[in-house]
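What the coordinates show
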Amino acid sequence: MKVSEKSLELNVGAELLALLRNNWGMPKAYLRGLTQREEKQEGVDFFVQLDPATRICAFQFKAPKGAVDGPPYRYTLRRPQHALLFDLAQFSPWSVFYVFPYYVTTGKLHRDVPDLIKDTWLLDLDQMPTAAAFVKEYEARFG
């Protein structure tokens, strides 16, 4: 059975939150999910809210395409959403990320829970301008 993007958001997000709180010294971190309207406006799935003296991190999850687990994992990036994310990243470098979990099937997900982070890639957007990200060869590799 295929894993939904929402399932990946919930499970990988929970692991990210545990790391932030327990391993990276941010005990007051919490996730703030967005409504669909807010997500369309902001371009992200959820924010990690930290202590007021620190920054906010934004994450946009992408579920892999295909029916089986194994490389190459392929994802679809959308230009309008990417433009919003890149603009947001310019305000605070190292705070806006694509999240690419390498999970297509529930079998692999069940096997790796509670350590899905080990097969998930975070891509920082602050050095990824929209025009450069959507040249043909880039779309062929990530689309």
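A brief look at the structure comes next.

**Digging into the overall build of the chain**
Helix and strand counts for the chain stand at six helices and five strands. Listing the helices and strands of the chain from first to last along the sequence gives α-β-α-β-β-α-β-α-β-α-α. Of all 143 residues assigned to the chain, the portion counted as buried reaches 43%. When contacts within the chain are restricted to residue pairs at least 6 apart in sequence, long-range pairs at least 24 apart make up 60% of them. Approximately 8,300 Å² of the chain is accessible, and the part contributed by carbon and sulfur atoms is 58%.

**Some remarks on the nonpolar core**
In this structure, L77, L85, V96, Y98, F100, L125 and M128 are the most contacted members of the largest nonpolar core, which totals 17 residues. Elements represented by at least two residues in this core include exactly α3 (79-91) and β4 (96-101). No other element matches β4, which puts three residues into this core. Judged by nonpolar contacts, the second largest core, of 13 residues, contains F61, A63, Y103 and L109.

**Some remarks on the environment of Y103**
Residue position: Y103 is located in the loop between β4 and α4 (106-112). On the accessibility criterion, Y103 (0% relative accessible area) is buried. Separated by 39 residues in sequence, Y103 and P64 place their C-alpha atoms 7.0 Å apart. Not counting residues up to four positions away in its chain, the partners in contact with Y103 are V3, L8, P64, D69, Y73, K108, L109, D112, D115, L116, D119 and T120. At 2.7 Å, the side chain of Y103 forms a polar contact with the side chain of D112.

**A short note on the pattern of salt bridges**
Under the definition given, this model contains four salt bridges. With a shortest N-O distance of 3.0 Å, E9 and K6 are connected by a salt bridge. Of this pair, E9 and K6 are both found in helix α1 (residues 5-23), three residues apart, which corresponds to roughly one turn of the helix. Residue R111 pairs with D112 through a salt bridge whose shortest N-O separation is 3.0 Å. The class of D112 is buried, set by a relative accessible area of 5%. The network of salt bridges with common partners includes R111, D112 and K118.

Procedures and definitions
Counting from 1, residues in each chain are numbered in the order their sequence is written. Where totals are concerned, whole chains, interfaces and linings use all residues; where local detail is concerned, this predicted model gives features only for residues with pLDDT of at least 70, and gives and counts side-chain atom pairs only at 80 or more. Processing note: side-chain calculations cover all non-hydrogen atoms of the structure and skip hydrogens and water entirely. Each helix corresponds to a stretch of at least 4 residues labelled H or I by DSSP, and each strand to a stretch of at least 2 residues labelled E; elements are numbered beginning at the N terminus. Buried, partly exposed and exposed residues are distinguished by accessible area as a fraction of the type maximum, computed with a 1.4 Å probe on protein chains only: under 20%, between the cut-offs, and over 50%, respectively. Contact between two residues is taken to exist if any of their heavy atoms lie within 4.5 Å; hydrogens are not considered. Working definition of accessibility: Shrake-Rupley area with a 1.4 Å probe, residue cover restricted to the visible protein chains. In this text, buried Ala, Val, Leu, Ile, Met, Phe, Trp, Tyr and Cys residues form a nonpolar core when linked through side-chain atoms within 4.5 Å. Nitrogen and oxygen atoms within 3.5 Å of one another constitute a polar contact, given that in protein one can donate a hydrogen and the other can accept it, and given that sequence-neighbouring residues count only through two side-chain atoms. Any carboxyl oxygen of Asp or Glu that lies within 4 Å of a side-chain nitrogen of Lys or Arg is treated as forming a salt bridge with it.

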